[in-house]
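Commentary on secondary and tertiary structure
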There are 6 protein chains.
Amino acid sequence: MYELGVVYRNIQRAPQEAADGLAALGSATVHEAMGRVGLLKPYMRPIYPGAQVSGTAVTVLLHPGDNWMMHVVAEQIRPGDVVVAAVTAECTDGYFGDLLATSFQARGARALVIDAGVRDVRTLQEMNFPVWSKCISSKGTIKATLGSVNIPVVCAGMWVSPGDVIVADDDGVVCVPAARAMETLAAARKRESFEGEKRAKLASGILGLDMYQMREPLAAAGLKYID
Amino acid sequence: MYELGVVYRNIQRAPQEAADGLAALGSATVHEAMGRVGLLKPYMRPIYPGAQVSGTAVTVLLHPGDNWMMHVVAEQIRPGDVVVAAVTAECTDGYFGDLLATSFQARGARALVIDAGVRDVRTLQEMNFPVWSKCISSKGTIKATLGSVNIPVVCAGMWVSPGDVIVADDDGVVCVPAARAMETLAAARKRESFEGEKRAKLASGILGLDMYQMREPLAAAGLKYID
Amino acid sequence: MYELGVVYRNIQRAPQEAADGLAALGSATVHEAMGRVGLLKPYMRPIYPGAQVSGTAVTVLLHPGDNWMMHVVAEQIRPGDVVVAAVTAECTDGYFGDLLATSFQARGARALVIDAGVRDVRTLQEMNFPVWSKCISSKGTIKATLGSVNIPVVCAGMWVSPGDVIVADDDGVVCVPAARAMETLAAARKRESFEGEKRAKLASGILGLDMYQMREPLAAAGLKYID
Amino acid sequence: MYELGVVYRNIQRAPQEAADGLAALGSATVHEAMGRVGLLKPYMRPIYPGAQVSGTAVTVLLHPGDNWMMHVVAEQIRPGDVVVAAVTAECTDGYFGDLLATSFQARGARALVIDAGVRDVRTLQEMNFPVWSKCISSKGTIKATLGSVNIPVVCAGMWVSPGDVIVADDDGVVCVPAARAMETLAAARKRESFEGEKRAKLASGILGLDMYQMREPLAAAGLKYID
Amino acid sequence: MYELGVVYRNIQRAPQEAADGLAALGSATVHEAMGRVGLLKPYMRPIYPGAQVSGTAVTVLLHPGDNWMMHVVAEQIRPGDVVVAAVTAECTDGYFGDLLATSFQARGARALVIDAGVRDVRTLQEMNFPVWSKCISSKGTIKATLGSVNIPVVCAGMWVSPGDVIVADDDGVVCVPAARAMETLAAARKRESFEGEKRAKLASGILGLDMYQMREPLAAAGLKYID
Amino acid sequence: MYELGVVYRNIQRAPQEAADGLAALGSATVHEAMGRVGLLKPYMRPIYPGAQVSGTAVTVLLHPGDNWMMHVVAEQIRPGDVVVAAVTAECTDGYFGDLLATSFQARGARALVIDAGVRDVRTLQEMNFPVWSKCISSKGTIKATLGSVNIPVVCAGMWVSPGDVIVADDDGVVCVPAARAMETLAAARKRESFEGEKRAKLASGILGLDMYQMREPLAAAGLKYID
């Protein structure tokens, strides 16, 4: 967040197995598997429901009302990347529309995560190019000031380094540091493997109180039942 | 909102006819029939469109970032209930996901109304378990502090007592006190019975100005037409 | 915004060609064609996705919690109009529902743009009557205080005069002053005519950096690439 | 929050000793003494710093943009009361200014707590009449619709019944139910009696880690120190 | 709000008597005298308490993050003016600090009203140069894009034309159209002349219920007293 | 933001000259000297006006509603430090009051910067212990979950590493990375050295248009003056 006017061309991307595999687990499970860290603020919402992606982050730092660097970051995209765009101050402008999406998609980008606004959202849905953003806005931007590409950024309250894995779905967006990607994949898969059995028990009417053996600690904490 | 660590097991639920019948009338009509009171703040939104429910409230008071009591309230659900969850301070965490929804649904709950966040929203929609919430968030919660179940709570700015009727649809969420449920059902039905005729008149081009005889009071208030 | 209790019956509407033709171009393109002015604040959202309209503005100034003037403005609607409703102070109440929509639609209105709340949103979608609003709320309103019809108003931060063209879609709402409607139509069409070629180039993998000849100005601004 | 058009003249006020005595303890200590419940949302701020009051609640339920009932509640004020004003929907209008403050002060009111706006704030400070409010606004209100006086209300997210004790200072506003006022006074005084000794220890450089014997539970929870 | 790149040098300022005289009456009284219109949104707050000004508006339209036009507007200031700054989109940047304030003050400006951020607020207070703004921010701005000077603008939700009178104090900011400035001055003075007598009555314990003869209309509206 | 349950005891603090010297320059000048980066979001406000500090960051990552780690960070404070507290999700609770402030002050801390709430603000002002926070709240917190101390954190949208220099005043809070502290001190001092001369010129009536030679680029950009 402190270096302006630079583009890092060579970044260390997280292992592809993790970058590809985390999507299926979903942001909530991955967030739990991380120990409840890594979540971008919940104001980040998908522009259309149903998309579920993961990929390696290429980052871009923008200035308010200026999308010049979006064109610079396009060149750094490799297939399987997710572009993560941060802004140096609060801004709701529409930095990204169908033309940039066409370019990003041609480069192999899987999604955009932007702490600002986007536009042409209906076309983006038709293109099947998902975006998680702070808002939707027709407001266009200028091209006047340098930001940076592939430096670590703060996006929606979370620290994202180039090469980290981004996991995004209808529940939100999680960032998994590259160095922890494989262990997180394993932990999330393990976590998910227990879910089916739990769901079956709960569906049969067994209570979480019993399944998780909560009655004793609740009583110890002083919970009282009154008839 | 003032009593912690208690679970009331026996609550007086509103008459089932009202609890079942108010759904069809919708939150806006019920709110009008109540004399324009009872509405939860409009930031409460359904996690997917199209659900329209009513049911008797079982309430739960939670602490920020702690969903322990959600398991306690599950045991108090009876078929036809709507769980109403309040938090002692502002919180956007995801207190509720597909596992708890499975449990709630197995107990017969019709919906959840929560002044905080939920997650697994795509699965919840597939399960056909509607939720009205303040936000959507992957953020998980801990299980450390006692709240209460079936005490009166303030949820999204409205006072909800256990056994009250909750009416929720795409327009929002209304609480009807149990003691007024039957009279509200009657008033809402009466109100709705006039709607068809009014709609037909308006559709034919008759103006509300004439249908509601507003021209005279508007002129008396000083309205001037300028050509 | 300063005159209360008046209804202007004769307003100068923008040329019909522009009022009808701008819809197809969309709010983002029209906003750019205007020189990046005219956009209502992005908190204005459609109550359902997919609608795309343009039409001539008839305006109404309301008071908080009072929709009396909505009935007065109904009479001033002509086929092809879009009603633009402003409020003298922040308000989230539901000023508009299916009955008023029936009346507006019978008069030929294409849409409502309101800096407040609406209700009966599911029915409005079934009626195919689009609304762009600040929020959705079941909260009803009273009929006690005079506002005005067809005076210039500020709606969601933008100045709208009666007869201006409103363009609204999933990206937001733009106001085009009547006097600039034809030139804006021409500029927007010209702008759009270039889009197909650009999109094809970008889809083929050509970068915006090259297509827009940005490499030189970026270097001149000091951008550095680091391997 | 459900009954409109009524004024309860006889309310049971909390014991005067508690109503008078809680001010000195402050909202934070009282909130802790209550078990961390009773706090109004923190957007409620004093219009000037330094006021610290407690008193018995007389309540009023208002409609958006309508302060008619503020005159009705004035008559119900007794010396030592704090007026608590709630609104049936979000509103930022200035419901209260120097004239009403003169009347309230003449009746013996100690303060106003209002989930909306106030005006004439400089004069109110000169009069030494404190107000805790959601905002400050010059916007005036009408007198057209009935609310209620001395019914239980939800003010800034908290349930307040007539006769409860309100404690307000620069940290916020807490409501203490009348039935718990005396025990809360005792608990808050006890809590405060320990503060001096604690402060002296901490000022001398003793750490909370040692004073509260936290090192062992932190280690048990897994805290690791890295040099 | 629609014209970019122009500076109007000759504007028609409101009569000086009104521009000078309205300050003493205050924003709340002026707002009432206008018939409850003209108020900027209440998020506009003074950067320090106690300032109370009025003056003729010179306006400037800015772009997000760009304060170039602030230097252009400086030249158009005449003694007694208040600069009113609007932005084409939401922005919290600090457009204005002690240097610009020195320049504005040297030109005779009485205040700045800006729908964005300012900085150097402690110095501005020492200079006795009041500002009403949306926020305070150290964030600097660039000088790259043309806006306009002395066109009508929307500032904080209100339409302001060059030459209108701005009245600002601790309660907020009101805009009085130039053409209505003298009548508003008269109406506000008349209104204020009644205040002393009213205040004396209320201070003596007479209720507004009696002074304004509200008991009858309240009873007619159905108000019930319950003992 | 990704590591939980660890306390780093040995951190590399920025040079003391910069840590001590940046306070006098103020957050706005330092932010400019950094190239307009490093600013925490402007919702961070001082709890009382007039404080102006700089110091080296010791960081703490907290969970919503849990201030356990505030006691852990206290031990890591050295004279001249500023504690920077981040939370893993949005929270407005009052994590910090007069007891913790006594402890922090005894350890030599100059200030607290916290992306959450504080309480006992009047006492904090009397103690002369400044805090920049998101809000003020009486709401207390529990001590149940491990965070971390002296890991890099995101506080109010900005990345802060242990040992960085924090500069805070009435305009906001800026973070200067330790590695850039000395060059920033030099750049900020140079920047400030020009201010006196500029201020004198502007005070004499010279316009920024002339002093900064803006007339030509404005004309080149197309600015038109209309008489």
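Refer to the structure above for everything that follows.
Residues numbered from 1 in each chain as written. Chains lettered and ligands numbered in written order. Predicted model: local features only at pLDDT ≥ 70, side-chain atom pairs only at ≥ 80, totals over all residues. Heavy atoms only, no water.

1. Re the overall build of chain A
Stated formally: Under the scheme used here, helices are H or I runs from DSSP no shorter than 4 residues and strands are E runs no shorter than 2 residues, and both carry numbers assigned from the N terminus. Using a 1.4 Å probe on the protein chains alone, a residue whose accessible area is under 20% of its type maximum counts as buried, one over 50% counts as exposed, and one in between counts as partly exposed. The Shrake-Rupley method, run with a 1.4 Å probe, gives the accessible areas here. Residue values count only the displayed protein chains as cover. Residues scored as charged are limited to Lys and Arg (positive) and Asp and Glu (negative), so that His and the chain ends carry no count. Here the site of a charge means NZ on Lys, CZ on Arg, CG on Asp, or CD on Glu.
Broken down by element type, chain A carries 8 helices and 12 strands. The C-alpha extent of chain A, read off along each of the three principal axes, is 70 × 35 × 35 Å. Per-residue burial over chain A gives 67% buried out of 227 residues. A total accessible area of about 7,300 Å² is found for chain A, and carbon and sulfur atoms account for 50% of it. When the 22 basic and 24 acidic side-chain charges of chain A are each reduced to a single mean position, those positions are 1 Å apart.

2. What to know about the interface of chain A and chain C
In plain terms, the rule: Note on definitions: a residue-residue contact is assigned when non-hydrogen atoms from the two residues lie within 4.5 Å. Here's the idea: put two parts together, see how much 1.4 Å probe accessible area each one loses, and the total over both is what we call buried area. Counting of polar contacts relies on pairs of N or O atoms within 3.5 Å, with two restrictions inside protein: one atom must be capable of donating a hydrogen and the other of accepting it, and residues adjacent in sequence are counted only when both atoms are side-chain atoms.
Counting from both sides, the interface comprises 34 residues of chain A and, opposite them, 36 residues of chain C. Across the interface of chain A and chain C, roughly 3,100 Å² is buried in total on both sides, 59% from carbon and sulfur atoms. Area buried by chain A at its contact with chain C is led by L99(A), R122(A) and S138(A), which between them contribute 20% of it. Here chain A is connected to chain C by 16 residue pairs in polar contact (both at pLDDT 80 or more). For the side of chain A that touches chain C, the elements supplying multiple residues, two or more each, are strand 1 (6-8), helix 3 (68-74), helix 4 (98-107) and helix 5 (121-127) of chain A. Of the residues forming the side of chain A that touches chain C, the biggest block, 6 residues, is contributed by helix 4 of chain A.

3. Focus: the side chain of D170(D)
For the record, the criterion: Salt bridges are defined as contacts in which a side-chain nitrogen from Lys or Arg sits within 4 Å of a carboxyl oxygen from Asp or Glu.
Topologically, D170(D) is positioned in the loop between strand 10 (165-169) and strand 11 (172-176). The charged side chain of D170(D) is buried without a salt bridge, its nearest counter-charge being R122(F) at 4.0 Å. Among the polar contacts listed, one links the side chain of D170(D) to the backbone nitrogen of G50(D), at a separation of 3.0 Å. Excluding anything up to four places from it in sequence, D170(D) contacts R45(D), P46(D), Y48(D), P49(D), G50(D), A51(D), V121(F), R122(F) and I136(F).

4. Examining unusual backbone geometry
Positive phi values are uncommon outside glycine, yet Q213(B) reaches one of about 50°. One can find Q213(B) in the loop between helix 8 (208-211) and helix 9 (215-220).

5. Description of the relation of the copies chain A and chain C
Stated precisely, the cut-off is as follows: A least-squares fit on C-alpha atoms brings the copies together, and the residues used are those whose pLDDT is at least 70 in both copies.
Of the transformation placing chain A onto chain C, the axial shift is 0.0 Å and the rotation is 120°, giving an RMSD of 0.0 Å. Taken together, the rotation and translation describe the operation of a three-fold axis.

6. Re the nonpolar core
Rules: We define the nonpolar core as a collection of buried residues of types Ala, Val, Leu, Ile, Met, Phe, Trp, Tyr and Cys that are connected through side-chain atoms lying within 4.5 Å of one another.
Ranked by size, the top nonpolar core spans 170 residues in total, and within it F96(A), F104(A), L112(A), F96(F), F104(F) and L112(F) carry the most contacts. The contact partners of L112(A), leaving out residues within four places of it in the chain, are M70(A), V83(A), A85(A), F96(A), F104(A), V118(A), F129(A), P130(A), V131(A) and W132(A). Core analysis: the second largest hydrophobic core is formed by 169 residues, A109(C), L62(E), M158(E) and V174(E) among them.

7. Details of the pattern of salt bridges
Scanning the entire structure with this criterion turns up 89 salt bridges over all chains. In this structure, D98(F) and R199(D) form a salt bridge, with 2.6 Å as the shortest nitrogen-oxygen distance. You can see D98(F) sitting in helix 4 (residues 98-107) and its partner R199(D) sitting in helix 7 (residues 195-203), one on each of two chains. Between R191(E) and E32(E) there is a salt bridge; the shortest N-O distance is 3.7 Å. Placement of the pair is R191(E) in helix 6 (residues 181-193) and E32(E) in helix 2 (residues 26-33), with a sequence separation of 159 residues. Overlapping salt bridges bring together E32(A), R36(A), R191(A) and R119(B) as one network.

8. A short note on the arrangement of the chains
These two, chain B and chain E, are apart from each other, with no contact and a minimum C-alpha gap of 13 Å. Without any contact between them, chain C and chain F keep their closest C-alpha atoms 13 Å apart.

9. Re the interface of chain B and chain C
Spelled out, the test is: We call Asp, Glu, Lys and Arg charged. Ala, Val, Leu, Ile, Met, Phe, Trp, Tyr, Cys and Pro are nonpolar, and the rest, Gly among them, are polar. Strands are labelled as partners when DSSP assigns at least two bridges between them.
With 36 residues of chain B in contact, the opposing surface of chain C contributes 34 residues. For the pairing of chain B and chain C, the buried interface totals around 3,100 Å² over both sides, and the portion due to carbon and sulfur atoms is 59%. Of all residues in chain B, D171(B), Y225(B) and I226(B) give up the largest surface area on contact with chain C, accounting jointly for 19% of the area buried on that side. Here chain B is connected to chain C by 5 salt bridges. The closest approach of N and O atoms between E32(B) and R119(C), which form a salt bridge, is 2.7 Å. In this structure, the connection of chain B to chain C is made through 16 residue pairs in polar contact (both at pLDDT 80 or more). Broken down by secondary-structure element, the contributors of at least two residues to the side of chain B that touches chain C are helix 2 (27-33), helix 7 (195-203), helix 8, helix 9 and strand 12 (224-226) of chain B. For the side of chain B that touches chain C, the per-class residue count stands at 17 nonpolar, 8 polar and 11 charged. Judged from the 3 bridges that link them, strand 12 of chain B and strand 1 (residues 6-8) of chain C form a sheet pairing that is parallel.

10. Section: the packing of aromatic side chains
Using the following cut-off: Classification of ring pairs uses Phe, Tyr and Trp, with its six-membered ring standing for Trp, and accepts pairs whose centres are within 6.5 Å; under 30 degrees between planes counts as stacked, over 60 as edge-to-face, and the remaining range as tilted.
Per the counting criterion, the structure on display carries 15 aromatic pairs over all chains. Grouped by ring-pair contacts, the aromatic residues F96(A), F104(A) and F129(A) constitute a single cluster.

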